[in-house]
Amino acid sequence: MKQKAGILAALALTLFCLLPGCEKDPGESWSSSPQSEPTATSAPTPTPAPTPEASPTAEPTAVPSPAGGFEALFAENPVDKTLSEDLSTAASYSTIFAAYKNAIKNWEKVIDRLYPASFHDLGSEEAAQLEEEHTSWKASLDSELEKIEEAHSDDEDGWLAAAQEKVEHYRAHASLLCQAYYDHAGELPDLESILSGQPAG
């Protein structure tokens, strides 16, 4: 009886060993999930070196021209200043008319004394052009003044308006001569000296 039981036990052990998986190595895991591989760490991306910025180049400093240029400087002339002062204190037609008459006399003085000095450093072509303009202005002066008088009424208001236009006529030609002097000398002629009787330059 014991012998029969031993045979049965041996058969049972043999069947157990024949079952699937019986050959698996005892050291292996029975889990069906694959073991996770360690993630490789990527090498750090090198930070590019900053590109050095170019130093700003200093712009060349422009040489400033005289403040305001010719027009601004000429606007400060002593003839206009004297006329403005005279008009500010004038209280009648006669004093206003006298102020304009005095301004005409001053511009005549400037023109007569400045004309020769206006040729300062002028080239032959420029000198010829300036001489032509001055000669033409003098030749037409009387007729131009008559036209101004005829354009206004023959009363006090008309006389004052005509006197003002005459001042502008003389002033415009004086400005032309001053511009010619300024363009080559780099400065205005000394009009104060001219009015006081001294040479223009």
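Structure report, in brief. (Residues numbered from 1 in each chain as written. Predicted model: local features only at pLDDT ≥ 70, side-chain atom pairs only at ≥ 80, totals over all residues. Heavy atoms only, no water.)

1. Thoughts on the overall build of the protein
Thinking step 1. Tallying secondary structure elements over the protein gives seven helices and zero strands in all.
Thinking step 2. Overall, the protein shows an N-to-C arrangement of helices and strands of α-α-α-α-α-α-α.
Thinking step 3. The proportion of buried residues among the 201 residues of the protein is 25%.
Thinking step 4. Contacts in the protein between residues far apart in sequence, at least 24 positions, make up 67% of those at least 6 positions apart.
Thinking step 5. Carbon and sulfur atoms form 56% of the exposed surface of the protein, whose accessible area is close to 14,800 Å². (Helix = DSSP H or I, 4+ residues; strand = E, 2+ residues; numbered from the N terminus. Buried < 20%, exposed > 50% of the residue type's maximum accessible area, 1.4 Å probe, protein only. Contact = heavy atoms within 4.5 Å. Areas by Shrake-Rupley, 256 points an atom, 1.4 Å probe, with all protein chains shown as cover.)

2. With respect to the layout of surface pockets
Taking a probe equal in size to a water molecule and rolling it over the atoms shows the remaining empty space.
Thinking step 1. By volume, the largest pocket is sized at about 180 Å³.
Thinking step 2. Taken together, Leu122, Glu126, Gln129, Leu130, Glu133, Leu176, Ala180, Asp183 and His184 make up the lining of the largest pocket.
Thinking step 3. Elements supplying a minimum of two residues to the lining of the largest pocket: helix H5 (124-150) and helix H6 (156-185).
Thinking step 4. Of the residues contributing to the lining of the largest pocket, the split by class is four nonpolar, two polar and three charged. (1 Å grid on protein atoms, 1.4 Å probe; cavity = no way out; pocket = protein on both sides within 12 Å on 5 of 7 lines; lining within 4 Å. Points joined across faces, edges and corners; volume = space filled by probe spheres on them. Nonpolar A, V, L, I, M, F, W, Y, C, P; charged D, E, K, R; others polar.)

3. Some words on helix H3 (residues 78-89)
Thinking step 1. For H3, which comprises 12 residues, the first-to-last C-alpha distance of 17 Å matches the rise-based estimate of 16 Å (1.5 Å per residue) to within 8%.
Thinking step 2. Burial in H3 covers these residues: Pro78, Val79, Asp80 and Leu83.
Thinking step 3. For H3, the elements touching its buried residues are helix H4 (93-117), H6 and helix H7 (191-195).
Thinking step 4. Where H3 begins, the capping side chain belongs to Asn77, and its oxygen is found 3.1 Å from the backbone nitrogen of Val79. (Expected span 1.5 Å × (residues − 1). Polar contact = N/O pair within 3.5 Å; in protein donor to acceptor, adjacent residues only side chain to side chain.)

4. Digging into the packing of aromatic side chains
Thinking step 1. One pass over the structure, following the stated rule, counts four aromatic pairs.
Thinking step 2. Between the aromatic rings of Phe70 and Phe74, the centroid separation amounts to 5.6 Å while the plane-to-plane angle is 20°, which identifies the pairing as stacked. Placement of the pair is Phe70 and Phe74 together in helix H2 (residues 69-74), with a separation of four residues, close to one helical turn. Accessibility classification places Phe70 together with Phe74 in one group, the buried group.
Thinking step 3. Centroid distance Trp137 to Tyr170: 5.6 Å. Interplanar angle 75°. Geometry classified as edge-to-face. In this pair, Trp137 is assigned in helix H5 and Tyr170 in helix H6, connecting sequence segments 33 residues apart. We note that Trp137, like Tyr170, is buried.
Thinking step 4. Chaining the aromatic ring pairs together yields one cluster made of Phe70, Phe74, Trp107 and Tyr182. (Phe/Tyr/Trp six-rings, centres within 6.5 Å; stacked < 30°, edge-to-face > 60°.)

5. Some thoughts on the nonpolar core
What tends to happen in soluble globular proteins is that the nonpolar side chains get buried as a cluster.
Thinking step 1. Ranked by size, the top nonpolar core spans 34 residues in total, and within it Trp107, Val110, Leu114, Val167 and Tyr170 carry the most contacts.
Thinking step 2. Of all the secondary-structure elements, those providing two or more residues to this core are H2, H3, H4, H5, H6 and H7.
Thinking step 3. Leave out the neighbours within four places in its chain, and Trp107 touches Phe74, Asn77, Val79, Asp80, Val167, Tyr170, Arg171 and Ala174. (Core = buried A, V, L, I, M, F, W, Y, C linked by side-chain atoms within 4.5 Å.)

6. Observations concerning H5
Thinking step 1. With 27 residues, H5 extends 39 Å from end C-alpha to end C-alpha; this agrees with the ideal 39 Å at 1.5 Å per step.
Thinking step 2. In H5, a bend of some 50° at Leu141 exceeds every other bend along the element.
Thinking step 3. What H5 keeps buried is the set Ala127, Leu130, His134, Trp137, Leu141, Leu145 and Ile148.
Thinking step 4. As for H5, its buried residues are in contact with H4 and H6. (Bend = angle between axes of the 7 residues up to and from the residue.)

Fair warning: the whole summary comes from geometry, so function is off the table for now.
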